[in-house]
Amino acid sequence: MTADQLPLALAPVLLAAVRALRREDYQSVGSTVLEHGSDEHRAQTLRHLLDGLLDFATSEQGAKSVTKALKEGGKPTLDRIVERMCEAANG
């Protein structure tokens, strides 16, 4: 395995561990998966990001994750984030 293949190989492990992490830790891992993960893992990470968009967008590392998602995902991701932001607040 080359160094270039390592992030992709670790993506499933990182995603499995992410449920046990605090939000702050997840945000850093999420950025890595968004950049280096497979399409499936990026989609899973984006779903997590969208589910907790307010939490992510109001922290420094979380805002970096949102920015990374926008850069890596292009217009489809932008559309999903804007759609999520337009949803009515729960509670």
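Just so we're clear, the structure is a prediction, and the values are computed from it rather than from any experiment. (Residues numbered from 1 in each chain as written. Predicted model: local features only at pLDDT ≥ 70, side-chain atom pairs only at ≥ 80, totals over all residues. Heavy atoms only, no water.)

Focus on helix α5 (residues 60-86)
Given a rise of 1.5 Å per residue, 27 residues ought to cover 39 Å, yet the end C-alpha atoms of α5 are separated by just 22 Å, more than 12% below that figure. Where α5 bends most, the angle comes to about 135°, and this point is Gly74, followed within four residues by the proline Pro76. Those residues of α5 lying buried are Gly62, Ser65, Val66, Ala69, Thr77 and Ile81. (Helix = DSSP H or I, 4+ residues; strand = E, 2+ residues; numbered from the N terminus. Expected span 1.5 Å × (residues − 1). Bend = angle between axes of the 7 residues up to and from the residue. Buried < 20%, exposed > 50% of the residue type's maximum accessible area, 1.4 Å probe, protein only.)

Details of the nonpolar core
Membership of the largest hydrophobic core is limited to nine residues, which are Leu34, Leu46, Leu49, Leu50, Leu53, Phe56, Val66, Ala69 and Ile81. Those elements that place two or more of their residues in this core are α3 (39-51), α4 (53-57) and α5. Setting aside residues no more than four positions away along its own chain, Val66 makes contact with Leu49, Leu53, Phe56 and Ile81. (Core = buried A, V, L, I, M, F, W, Y, C linked by side-chain atoms within 4.5 Å. Contact = heavy atoms within 4.5 Å.)

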